[in-house]
Amino acid sequence: MKQIKLNNGIEIPQMGLGVFQAPQGEDTVNSVKWALEAGYGHIDTAKIYGNESDVGKGMLESGVPREDIFLTTKLWNGDIRAERTREAFEESLKALKTDYVDLYLIHWPVDKFEKAWMVMEELYQEGKIKAIGLSNFHKSHLDKIQEIARVKPVINQIESHPYMNNQELIDLSKSLGMEVEVWSPLGGTGGNVLEDKTLNELAEKYGKTPAQIVLRWDIQRGVIVIPKSIHKDRIVSNIDVFDFELSDEDMTVINQLNKNLRVGPDPDNFDF
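Residues numbered from 1 in each chain as written. Predicted model: local features only at pLDDT ≥ 70, side-chain atom pairs only at ≥ 80, totals over all residues. Heavy atoms only, no water.

Going by the annotation in an unreviewed UniProt entry, the name recorded for the protein is Aldo/keto reductase, with Faecalicatena contorta given as the source organism. UniProt, in its Sequence similarities (unreviewed entry) section for the protein, records the words "Belongs to the aldo/keto reductase family." (UniProt positions renumbered as here; feature names shortened; annotations may be inferred.)

Dropping the structure here:
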């Protein structure tokens, strides 16, 4: 598994398991165990997902040492607005059955996120978080963080897939010293990205699945990617992308599939 070094020197595995919409209970516990067994070493959850306790259980039951797991969770909007960042973080720690997280993100750029960032800086300085970052931040939000941050964000986690490659925001985030992590890399639940004719032709050409083609495209774009699955065969298949390389021409072909078609909310216009 390739590691990407963040701006504070911490390394993050380039592929992780996302658990957005993974149901509470054994489905999430098992998916975490299967991912760690398969070599992911990186789990991405959030308080609002409601499955932090299952992620914690899965990590414990996997037998993988805590220090060998890169764990991300996120601060939810209601806690940001209520100015209870520290309390929310402690609740996440308890649910996850750990005494630190590797990466803590502001989930969405809601009102008072600047105050939340200052508390996250304190938690970082106290050693309870190895790195702090952002999720779903556009240029206007990044500008505000740049004005007040004493600790530079290490990551901006954003929507990106072949129909919404979001390359301009990726390039902007990287120009500001942040790595980029992409969610819904395969087009999201109910999406039809993986049915795309071009991706299926490339899958046949390389002897891979359409999902593996997309994930390899992400790896070669230099972004961190967190595909979600609760199925063991897909979890194992998704990580099998390090034994081939897409040509420059085929990378361009996938880039040209972009339609600016979102599957998630627009960070400039959401109501939650």
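Peer 1: Hey, could you run me through the UniProt feature "binding site: substrate" (unreviewed entry) in the protein in this one?
Peer 2: Following the UniProt record, one finds the feature "binding site: substrate" (unreviewed entry) at His 107. Structurally, His 107 is set in the loop between β6 (103-106) and α5 (113-125). What makes His 107 buried here is its relative accessible area of 6%. Ignoring anything within four residues of it in the chain, the contact list for His 107 reads Ala 46, Ile 48, Tyr 49, Lys 74, Leu 75, Trp 76, Asn 77, Ser 135 and Asn 136. (Helix = DSSP H or I, 4+ residues; strand = E, 2+ residues; numbered from the N terminus. Buried < 20%, exposed > 50% of the residue type's maximum accessible area, 1.4 Å probe, protein only. Contact = heavy atoms within 4.5 Å.)

Peer 1: Could you clarify how one ought to interpret the side chain of Lys 33 in this entry?
Peer 2: Along the chain, Lys 33 turns up in helix α1 (residues 26-38). A polar atom in the side chain of Lys 33 sits 3.0 Å from the side chain of Glu 61. Aside from chain neighbours lying at most four places away, what touches Lys 33 is Gly 58, Glu 61 and Ser 62. (Polar contact = N/O pair within 3.5 Å; in protein donor to acceptor, adjacent residues only side chain to side chain.)

Peer 1: I tried to follow the sheet that holds strand β10 (residues 224-225) on my own but got confused; where do I start?
Peer 2: Sheet strands pair via backbone hydrogen bonds, and the direction of the pair is either parallel or antiparallel. Here 8 strands make up an open sheet; going across it, the order is β3-β4-β5-β6-β7-β8-β9-β10 and the pairing parallel. Lying at the two open borders of the sheet, with one neighbouring strand each, are β3 (17-18) and β10. Pairing between strand β4 (residues 42-44) and strand β5 (residues 70-75): 3 bridges, direction parallel. Opposite His 42, over in β5, you have Phe 70 as the bridge partner. Contacts from α5 reach β5, β6 and β7 (132-135) within the one sheet, and its direction differs from that of β7 by about 150°. (Pairing = 2+ DSSP bridges. Axes fitted to C-alpha atoms, helices over the stretch in contact; angles between N-to-C directions.)

Peer 1: Sorry if this is basic, but what is going on with the nonpolar core here?
Peer 2: Considering soluble globular proteins, one finds that nonpolar side chains tend to be buried as a cluster. Membership of the largest hydrophobic core comes to 69 residues, with the highest contact counts inside it found for Ile 43 and Ile 106. Per element, the largest residue contribution to this core is 6 residues, and it comes from helix α9 (residues 210-221). In contact with Ile 106, not counting residues within four places along its chain, are Leu 75, Ile 80, Phe 113, Ala 116, Trp 117, Met 120, Gly 133, Leu 134, Ser 135 and Phe 137. (Core = buried A, V, L, I, M, F, W, Y, C linked by side-chain atoms within 4.5 Å.)

Peer 1: Hey, could you run me through the pairing of strand β8 (residues 155-159) in this one?
Peer 2: Regular strands have side chains that alternate between both faces of the sheet. The element β8 is extensively covered by neighbouring structure, given that 5 of its 5 residues are classed as buried. Here β7 pairs with β8 via 2 bridges, running parallel. Bridge assignment links Ser 135 to a residue of β8, and that residue is Gln 157. Where the polypeptide runs from β7 across helix α6 (residues 139-148) and back to β8, its parallel neighbour, the crossover connection is right-handed. Across 5 bridges, β8 lies against strand β9 (residues 179-183) in parallel orientation. (Right-handed = clockwise from strand over helix to strand, strands pointing away.)

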